[in-house]
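Residue-level structure breakdown
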Amino acid sequence: MSTLPHALRPWASILAKFPLEVALNLGPLVARLSVALGPLRAPSEREGGEPQGYDGLSRRGSFDRLLVSEWLWALEAPDELVRRAAFGELSYLKPSFRQPQRARRTVMLLDAGPDQLGAPRIAHLALLIVMARRAEAAGATFAWGVLQADPRRGWFTEVTPATLGAWLNARDTAPPSAERLSAWCEALELGARTADAWLVGSSRLSRLGGAETLSRIEVSEVLAPEVRQLAVEVHPAARGPRSVLLDLPSPDDSVRLLRDPFRARVAAPVKTVQHSRVSGFAFSADGRRLMLFYEGGGVGAMALPNSPRATLARPQRMMPRSDETFLGAGWRRQGGLLVLMRRQGAYAYAFRGQLQHQSRTRGPKAFPWTLRDTQAHPPNPARGQPPGRLTTYLDAFNRECVLLSGLDDRLYFFEEDASSRRVVSAQVAQRVIAAAHVNGSSIVVTRDENGGAASCMRLGIVSAKEVRQVRLQDSRGDTLWFGASHHSGHPDAGLLAVNKIPGMWCLHHRDSVQFVALRSGLRAVGVGVCPQAKGDAGLLALDPDQRTFWNVGLQHQFKLAVAAADVVHAEASHAVPVLGWLTTEGELVLYHLEHEAVLCRIHTGGGE
């Protein structure tokens, strides 16, 4: 890997197996740990072994190995022989020994139990690279394994993507035991002559029976505010201990090292058995579930996978009966799919569990909305139109109230009477652009009633007693996107992209407002962070070819991904950095913006 810094060249053969950015994150840890461990010492002639002739000359030795030429001094000048012997000037033959093969071996056993889950495993990964190169430089063999694993299944002799993949999946809930350590020592024949055998884990390892004759490396996380470091204590069996502090990579890079440092795994298409095809999707109001809309009016909800290797959960699913029409769907705060339906002219809920009820009385302060039109009712979804989106909030009496948006430009309020279980509705807002659950609050985005040049959007932050209105200056467009970011953004809504005028957007990110222009033909589908631009935010836009996605910021434009077919719908979550799209061929794809990886591909049976 020619692009590695010169200081990392000793480990280049192993680091080259990783992507460049991962190798650069591991490099400083590897270099510091290598200094702390030191080289593997070659056995000297004083360590014994089988004699194998002579290897040069030495100023030390016994008189039976004195050079024949030195004996001439005894005949010609005995006093000079005595003087040369006293001052160490005599020459002796240096013997050579053949060392036992088993003494030229490095063994490392790693703890994969609960004490070492998380950040300490990053140090384990760096230690594997250091130990493999250390043994190679000394001409020794290298063997390593996981303490909790069964030694009868064998051990590893190389550090490759395949062996590290097995290590990544070897996390265990059981701490290491003396019985398992004894089994490993027996399987690897770790006797007194195995001078380079190491245990890697927490300080708990020193208390295991049989560990007293082995070298140890103790890894722990530094527990201090605003500190991201690992403390590593090296305890060689025959030398004094040494310690080193390792600075951890950024949180995103650390997660990548622990989940999939090689990024070799590509999410394969997942076939799902459906009674009807998926015609659309949306993220739930809190952004943490994927809502699926089926042909025929059914809905489903699926948990988002957190990595390409995560098991894809089966979605919760509801289909309407012949006398039912689903008006909206969402995910409740307490968990579970929530569906609002119209049945024989009346409203009803379908969900798991119960809505939260604390009081049956309603006072004048329990209703935060200035508008309450009980005569206006939501329309039925048009043919091919997905159901609306539901979000909930708790009123002044700690009752769970439901809001419906997305069917038209109005917001509808629904509540259920605890005794009669009758659901009543009212229109509570007009000219609604979006509604979502952001930063712990339900937010409703509306436009001013006047449509003049001074018209702008407003954020309505819903609380139990009022809906606080926050004016968004210079927002004369008709679209707004919430986004996911670790950095601050708008004080009430976090990462936010607001349409100023056609083609011009205001991005609220990192306590500033940036103005981003989209070139003609690009269509914004959301907002998110861009790792290539050092975490700056940008608009997520779909190319005119209907397949290519871009991240467009104030000073950057990067290609994100290319769909396999034309995209019929795309949307980004505002809770996690995930972009989703559905193609005309029915492939639903979830793409992680920060990890730059496809989380899953679901064949849904067709798009439009």
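Throughout, a residue's number is its position along its own chain's written sequence, starting from 1. Since the coordinates come from a predicted model, pLDDT governs what is reported: local features require at least 70, and pairs of side-chain atoms require 80 or more to be given and counted, while whole-chain, interface and lining totals use all residues. Values reported for side chains reflect all heavy atoms of the structure, with hydrogen atoms and water molecules removed beforehand.

Some remarks on the overall build of the chain
Note the following rule: We count a stretch as a helix when DSSP gives it H or I for four or more residues in a row; a strand needs E for two or more, and each element gets its number in order from the N terminus. Should any heavy atoms of two residues lie within 4.5 Å, those residues are counted as being in contact. Areas reported here follow the Shrake-Rupley algorithm with a probe of radius 1.4 Å; residue values treat only the protein chains shown as occluding.
The helix and strand inventory of the chain stands at eight helices and 36 strands. When contacts within the chain are restricted to residue pairs at least 6 apart in sequence, those whose partners lie at least 24 apart make up 51%. Within the structure as shown, the chain displays about 29200 Å² of accessible surface, and the carbon and sulfur contribution to it stands at 50%.

Some details on the sheet that holds strand 11 (residues 289–294)
So the rule is basically this: Strand pairing requires that DSSP identify at least two bridges connecting the strands. Only the contacting stretch of a helix is used when fitting its axis, a line to C-alpha atoms as for every element, and angles between N-to-C directions run 0 to 180 degrees.
Spatial strand order, 10-11-12-13: four strands in an open sheet with antiparallel pairing. With partners counted over all chains shown, the strands left at the sheet margins are strand 10 (278–283) and strand 13 (316–318), one partner each. Each neighbouring strand pair of the sheet contributes to a mean axis angle of 20°, computed without reference to strand direction.

Observations concerning the pairing of strand 26 (residues 496–501)
The condition is simple: Three labels apply to residues, based on accessible area from a 1.4 Å probe with only protein chains included: buried if under 20% of the type maximum, exposed if over 50%, partly exposed otherwise in between.
Most of strand 26 is tucked away, with five of its six residues classed as buried. Both strand 25 (residues 480–482) and strand 26 contribute to a ladder of three bridges, which runs antiparallel. Within the sheet, the bridge partner assigned to tryptophan 481 lies in strand 26 and is alanine 497. Sheet analysis places strand 26 next to strand 27 (residues 504–509), joined by five bridges and oriented antiparallel. Bridged to valine 498 within strand 27 is cysteine 506.

A word on the packing of helix 5 (residues 120–137) against helix 6 (residues 161–168)
Threshold: Each angle receives one of four descriptions, namely roughly parallel if under 35 degrees, roughly antiparallel if over 145, roughly perpendicular if within 65 to 115, and oblique otherwise. Rotating anticlockwise by less than a right angle from the far helix to the near helix defines a left-handed crossing, while the corresponding clockwise rotation defines a right-handed one.
Between helix 5 and helix 6, whose axes approach to 12 Å, the crossing angle comes to 155°. When the axis of helix 5 is compared with that of helix 6, the two are roughly antiparallel. Both helix 5 and helix 6 take part in a crossing whose hand is right-handed. Each of Arg121, His124, Leu125 and Leu128 in helix 5 lies in contact with helix 6, whose residues at this interface are Leu164, Trp167 and Leu168.

Focus on the pairing of strand 19 (residues 411–416)
Buried residues dominate strand 19, accounting for six of its six residues. In strand 19, alternate side chains face the same way, and those of Leu411, Phe413 and Glu415 on one face and Tyr412, Phe414 and Glu416 on the other are all buried. For strand 18 (residues 400–405) and strand 19, the ladder comprises three bridges, and the chain directions are antiparallel. Bridge pairing links leucine 403 to phenylalanine 413 in strand 19. In sequence, strand 18 turns back onto strand 19 through a hairpin of five residues, with glycine 406 there showing a positive phi of about 100°. Direction of pairing for strand 19 relative to strand 20 (residues 423–429): antiparallel, over a ladder of six bridges. Bridge pairing links phenylalanine 413 to alanine 426 in strand 20.

As for the nonpolar core
Rules: Among buried residues, those of type Ala, Val, Leu, Ile, Met, Phe, Trp, Tyr and Cys that are joined through side-chain atoms within 4.5 Å constitute a nonpolar core.
Counting residues in each nonpolar core, the largest one holds 51 residues, and the members touching the most others are Phe18, Met108, Phe142 and Ile217. Take this core: its biggest share by element is 11 residues, from helix 5. Excluding residues that lie within four positions of it along the chain, isoleucine 217 makes contacts with Leu37, Leu127, Met131, Trp198, Leu199, Val200, Gly201, Val232 and Glu233. Listed in part, the 16 residues of the second largest apolar core include Ala563, Ala570, Trp581 and Val598.

Here's the deal with the sheet that holds strand 30 (residues 536–542)
Two strands in a sheet stick together by hydrogen bonds in their backbones, pointing the same way (parallel) or opposite ways (antiparallel). Sheet architecture is open: four strands sit in the order 29-30-31-32, paired in antiparallel fashion. Lying at the two open borders of the sheet, with one neighbouring strand each, are strand 29 (523–530) and strand 32 (557–562). The sheet shows a mean angle of 30° between the axes of neighbouring strands, taken without regard to direction. Direction of pairing for strand 29 relative to strand 30: antiparallel, over a ladder of seven bridges. Residue pairing in the sheet places valine 527 in a bridge with leucine 539 of strand 30.

Here's the deal with the side chain of glutamine 116
Tracing the backbone shows glutamine 116 in the loop between strand 3 (105–110) and helix 5. Accessibility expressed as a relative area gives 0% for glutamine 116, which makes it buried.

A look at the packing of aromatic side chains
Condition: Centres within 6.5 Å are what make two rings of Phe, Tyr or Trp a pair, Trp counting through its six-membered ring; a difference in plane orientation under 30 degrees is then read as stacked, over 60 as edge-to-face, and the rest as tilted.
Tallied over the full model, the rule gives 11 aromatic pairs. Relative to tyrosine 92, the ring of phenylalanine 63 lies with its centre 6.4 Å away and its plane at 75°, an arrangement referred to as edge-to-face. Pair noted here: phenylalanine 63 is in the loop between strand 1 (50–58) and helix 3 (72–76) and tyrosine 92 is in strand 2 (residues 92–98), with a separation of 29 residues, a long-range link. Classification of tyrosine 92 as buried rests on a relative accessible area of 7%.

Concerning helix 6
Applicable threshold: The arc under discussion is defined with respect to the helix axis, by the directions toward the C-beta atoms.
For helix 6, the full list of buried residues reads Thr163, Leu164, Trp167 and Leu168. In a view along the axis of helix 6, the buried residues occupy a sector of 145°, so they form one face of it. Where helix 6 is buried, its residues contact strand 3, helix 5, strand 4 (141–146) and helix 8 (251–259).

Some thoughts on the pattern of salt bridges
Operational definition: The working definition used for a salt bridge is a side-chain nitrogen of Lys or Arg within 4 Å of a carboxyl oxygen of Asp or Glu.
For the structure shown, the criterion picks out 26 salt bridges. With a shortest N-O distance of 2.9 Å, aspartate 150 and arginine 152 are connected by a salt bridge. On the basis of relative accessibility, which here comes to 75%, the residue arginine 152 falls in the exposed class.

Some thoughts on unusual backbone geometry
The phi angle at arginine 431 is positive, at roughly 55°, despite the residue not being glycine. Positionally, arginine 431 belongs in the loop between strand 20 and strand 21 (432–438). Here the phi dihedral of glutamate 596 falls at roughly 55°; this positive angle occurs in a residue that is not glycine. For glutamate 596, the position within the fold is in the loop between strand 35 (587–592) and strand 36 (597–603). Among the residues examined, glutamate 596 registers a relative accessible area of 33% and is labelled partly exposed.

Here we look at the packing of helix 2 (residues 20–37) against helix 5
Our working definition: Residue polarity is assigned by list, with Asp, Glu, Lys and Arg as charged and Ala, Val, Leu, Ile, Met, Phe, Trp, Tyr, Cys and Pro as nonpolar; anything else, Gly included, falls into the polar class.
The contact between helix 2 and helix 5 brings their axes to 9 Å, and the two run at 60°. One element, helix 2, and the other, helix 5, form an angle in the oblique class. When the axes of helix 2 and helix 5 are compared, the crossing they make is right-handed. Here Leu26, Leu29, Val30, Leu33, Ser34 and Leu37 of helix 2 come into contact with helix 5, specifically with Ile122, Ala123, Leu125, Ala126, Leu127, Ile129, Val130, Met131 and Arg134. Across the contact of helix 2 with helix 5, the residue classes tally to 13 nonpolar, one polar and one charged.

Considering the side chain of glutamate 594
Rules: Positive residues here are Lys and Arg, negative ones are Asp and Glu, while His and the chain termini are left out of the count. We call two N or O atoms a polar contact when they sit within 3.5 Å, provided that within protein one can donate a hydrogen and the other can accept it, with sequence-adjacent residues counted only if both atoms are side-chain atoms.
Tracing the backbone shows glutamate 594 in the loop between strand 35 and strand 36. For the buried glutamate 594, no salt bridge is present, and the opposite-charge side chain at shortest range is arginine 259, 8.7 Å distant. Separated by 3.3 Å, the side chains of glutamate 594 and histidine 486 make a polar contact. Here glutamate 594 is in contact with Asp252, His486, Val529, Pro531 and Pro577, once residues within four sequence places are set aside.

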